[in-house]
Amino acid sequence: NIDNDTAGITVAPTSGLVTTEAGGAAEFTIVLDSQPTDNVTVIVFSGNVNEGTVSHGSITFTSANWNVPQKVTVTGVDDPVDDGDAVYTILVGPVITGDPKFAGLSPADVSVTNIDDDTAGIIVTPAFGLTTTEAGGKAQFTVVLASAPAYDVAVAVSSANTAEGMVSAASLTFTTANWNTPQTVTVTG
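Residues numbered from 1 in each chain as written. Predicted model: local features only at pLDDT ≥ 70, side-chain atom pairs only at ≥ 80, totals over all residues. Heavy atoms only, no water.

Chemist: Pulling in residues and values, what's your account of the overall build of the protein chain?
Modeler: Scanning the protein chain for helices and strands turns up zero helices and 15 strands. Taking 16 Å as the expected radius of gyration for a compact globule of 189 residues, we find that the protein chain reaches 28 Å, considerably beyond that expectation. Its C-alpha atoms put the protein chain at 100 × 25 × 20 Å along the principal axes. Counting every position in the protein chain, which comprises 189 residues, the buried fraction comes to 32%. For the protein chain, contacts bridging at least 24 residues in sequence account for 64% of all contacts bridging at least 6. (Helix = DSSP H or I, 4+ residues; strand = E, 2+ residues; numbered from the N terminus. Rg over C-alpha atoms; globule rule 2.2 N^0.38 Å. Buried < 20%, exposed > 50% of the residue type's maximum accessible area, 1.4 Å probe, protein only. Contact = heavy atoms within 4.5 Å.)

Chemist: Account for the sheet that holds strand β13 (residues 166-167), with residues named and values stated.
Modeler: The strand order across the open sheet built from four strands is β10-β11-β15-β13, with neighbouring strands paired in antiparallel fashion. Each having just a single partner strand, β10 (122-125) and β13 make up the two edges of the open sheet. (Pairing = 2+ DSSP bridges.)

Chemist: Break down unusual backbone geometry for me, with residues and values.
Modeler: Following alanine 12, the chain continues to proline 13 via a peptide bond in cis, the omega torsion being -10°. Mapping proline 13 onto the fold places it in the loop between β1 (9-12) and β2 (17-20).

Chemist: Requested: an account of the pairing of strand β15 (residues 183-188), with residues and values cited.
Modeler: Here strand β11 (residues 138-145) runs beside β15; their pairing, made up of six bridges, is antiparallel. Among the inter-strand pairings, threonine 142 is bridged to a residue of β15, identified as threonine 184. Pairing of β13 with β15 involves two bridges; the strand directions are antiparallel. Paired with valine 167 across the strands is valine 187, a residue of β15.

Chemist: Mind laying out the pairing of strand β6 (residues 58-61), listing which residues take part and the relevant values?
Modeler: A one-sided burial pattern is seen for β6, the buried positions being Ile59 and Phe61 and the unburied ones Ser58 and Thr60. Examined bridge by bridge, strand β4 (residues 40-46) and β6 share four bridges and lie antiparallel to one another. Opposite threonine 41, over in β6, you have threonine 60 as the bridge partner.

Chemist: Now, about the sheet that holds strand β3 (residues 25-32): what can you tell me, with residues and values included?
Modeler: With antiparallel pairing, the four strands of this open sheet are ordered in space as β1-β3-β7-β5. Unpaired on one side and paired on the other, β1 and β5 (52-54) mark the two borders of the sheet. The mean angle between the axes of side-by-side strands here comes to 25°, regardless of whether they run parallel or antiparallel. Where β5 meets strand β7 (residues 70-76), three bridges bridge the pair, whose relative direction is antiparallel. Looking across to β7, one finds that threonine 53 is bridged to threonine 75. (Axes fitted to C-alpha atoms, helices over the stretch in contact; angles between N-to-C directions.)

Chemist: Please give an account of the side chain of aspartate 118 that cites residues and values.
Modeler: Inspection of the secondary structure puts aspartate 118 in the loop between β9 (110-115) and β10. No salt bridge is formed by the buried aspartate 118; its nearest oppositely charged neighbour, lysine 71, is found at 29 Å. Setting aside residues up to four positions removed in sequence, aspartate 118 forms contacts with Glu21, Asp78, Asp79, Pro80, Val81, Asp82 and Ser147. (Lys, Arg positive; Asp, Glu negative; His and termini not counted. Salt bridge = Lys/Arg side-chain N within 4 Å of Asp/Glu carboxyl O.)

Chemist: Would you mind going over the environment of valine 49 in detail, with residue names and values included?
Modeler: Within the fold, valine 49 resides in the loop between β4 and β5. Considering only alpha carbons, one finds valine 49 and valine 185, 136 residues apart in sequence, at a separation of 38 Å.

Chemist: Break down the side chain of threonine 41 for me, citing the residues and quoting the values.
Modeler: Mapped onto the elements of the fold, threonine 41 is located in strand β4. For threonine 41, a relative accessible area of 17% gives the class buried. Separated by 3.0 Å, the side chains of threonine 41 and threonine 60 make a polar contact. Setting aside chain neighbours within four positions, we find threonine 41 in contact with Ser58, Ile59, Thr60, Pro94, Val95 and Ile96. (Polar contact = N/O pair within 3.5 Å; in protein donor to acceptor, adjacent residues only side chain to side chain.)

Everything listed here is a matter of geometry and, on its own, says nothing about what the molecule does.
As structure tokens, this is what we get:
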């Protein structure tokens, strides 16, 4: 009797998956191509946990469930950096089993794109409507970055008319540590 079964592991799809930094998820499946003689455990992990995570660290197939596709959910991870859409890989394997036909198999990895939800920018609050007085009345506004910078960011602050109002700081410096902490500027009439 000629055997027509081949030991193998099918991963589908292996590309085109999209996650988002807002927690958007995607799924792929893993299934064995033939019945094993021993349990087959497939290790699954993210090649970049800063971009995406997986729902299962491993999946075990038995002689009873070997032909039932097992779902793996990949969930996007948020970061505060405007770093663009990032391609990362979900690594499938190694395979752990006592079945010599499955031992050493290298299943296909899965390519995923995590969609960035950050935009570089500077937020001034309030942007208008402040009032000072010629008697030295003061008004305040805050400045903060919209996303984490890769390097220090200096924001120049000046008055367009120093005869009418002066600002308390000539510049504000934001770092990777304080980028999301609003800094206050006082305007004195």
